[in-house]
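# Remarks on the overall topology
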Amino acid sequence: QVQLVESGGGLAQAGGSLRLSCVASLRIFSSSTGGWYRQAPGKQRELVAAISRRGSTNYGDSVKGRVTISRDNAKNTVSLQMNSLKPEDTAVYYCNLVSEISRSTYWGQGTQVTVSS
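An account of the accompanying structure is given in this report. A quick note: this is a predicted structure, and the numbers were derived from the prediction, not measured.

To continue, consider the pattern of salt bridges. Throughout the structure, instances matching the rule amount to five salt bridges. One salt bridge connects aspartate 89 with arginine 38, and the closest N-O pair in it is separated by 2.9 Å. Remark: arginine 38 occurs in strand E4 (residues 32-39) and aspartate 89 occurs in the loop between strand E8 (77-82) and strand E9 (91-99); sequence separation between them is 51 residues. Of the charged contacts, one joins aspartate 89 and arginine 66 as a salt bridge, the two residues approaching to 2.8 Å between their closest N and O atoms. With aspartate 89 in the loop between E8 and E9 and arginine 66 in the loop between strand E6 (57-59) and strand E7 (67-72), the pair connects residues that are 23 residues apart, well separated along the chain. We note that aspartate 89, like arginine 66, is buried.

Quick look at the sheet that holds E7 now. Strand order in the open sheet formed by four strands is E1-E3-E8-E7, with antiparallel pairing between adjacent strands. The sheet terminates laterally at strand E1 (4-7) and E7, the two strands that pair on one side only. Each strand of the sheet is rotated relative to its neighbour by a mean of 15°, with strand direction disregarded. Bridge count between E1 and strand E3 (residues 18-24): four bridges; the pairing is antiparallel. When the bridges of E3 are listed, serine 7 appears paired with serine 21.

To continue, consider the pairing of E3. Counting buried positions along E3 yields five of seven residues, so the element is predominantly enclosed. As defined by bridge partners, E3 adjoins E8 across six bridges and the pair is classed as antiparallel. Within the sheet, the bridge partner assigned to leucine 18 lies in E8 and is methionine 82.

Scanning the model with the defined rule gives two aromatic pairs in all. Measuring from centroid to centroid gives 5.2 Å for tyrosine 37 and tryptophan 107, while their planes differ by 70°, and the two rings are edge-to-face. Of the two residues, tyrosine 37 sits in strand E4 while tryptophan 107 sits in strand E10 (residues 105-107), which places them 70 residues apart along the sequence. Relative accessible area serves as the criterion here: at 39%, tryptophan 107 is assigned to the partly exposed category.

Let us now look at the pairing of strand E5 (residues 46-51). Bridge count for E4 against E5 is five bridges, and the pairing is antiparallel. Its bridge partner being in E5, tyrosine 37 is matched across the sheet by leucine 47. Of the strand pairs in this sheet, E5 and E6 are connected by three bridges, and their pairing is antiparallel. In the strand pairing of E6, alanine 50 is matched with asparagine 58. Counted between consecutive antiparallel strands, the loop separating E5 from E6 contains five residues, among which glycine 55 sits at a positive phi close to 95°.

How each quantity is defined
- Residues numbered from 1 in each chain as written.
- Predicted model: local features only at pLDDT ≥ 70, side-chain atom pairs only at ≥ 80, totals over all residues.
- Heavy atoms only, no water.
- Salt bridge = Lys/Arg side-chain N within 4 Å of Asp/Glu carboxyl O.
- Helix = DSSP H or I, 4+ residues; strand = E, 2+ residues; numbered from the N terminus.
- Buried < 20%, exposed > 50% of the residue type's maximum accessible area, 1.4 Å probe, protein only.
- Pairing = 2+ DSSP bridges.
- Axes fitted to C-alpha atoms, helices over the stretch in contact; angles between N-to-C directions.
- Phe/Tyr/Trp six-rings, centres within 6.5 Å; stacked < 30°, edge-to-face > 60°.

Honestly, that's just the spatial picture; any functional story needs more than this.
Pasting the structure below:
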């Protein structure tokens, strides 16, 4: 059974920081692209950041310069450091894993991030 377990969400003030982590119970983690998406009420799910198995990164336009994605293949973990938070960052954040071999896609259950002004 595939599991992606997220942690680190919560309440932060504007200008503050949060770090999200996602641990995958998958042997394919090291051959997968890991990523974070978010969905605010009434909006579509959007890419926050992704990191390939080789470490190439991709960031959503709305968060560039404020977030950093990283991975630790030894711990099957992908993390998202978010700085200079804004109220518009408020959303449910989802961990995502896509096998670069089979293209199978996995999602975490989501973690709420709320940024107060």
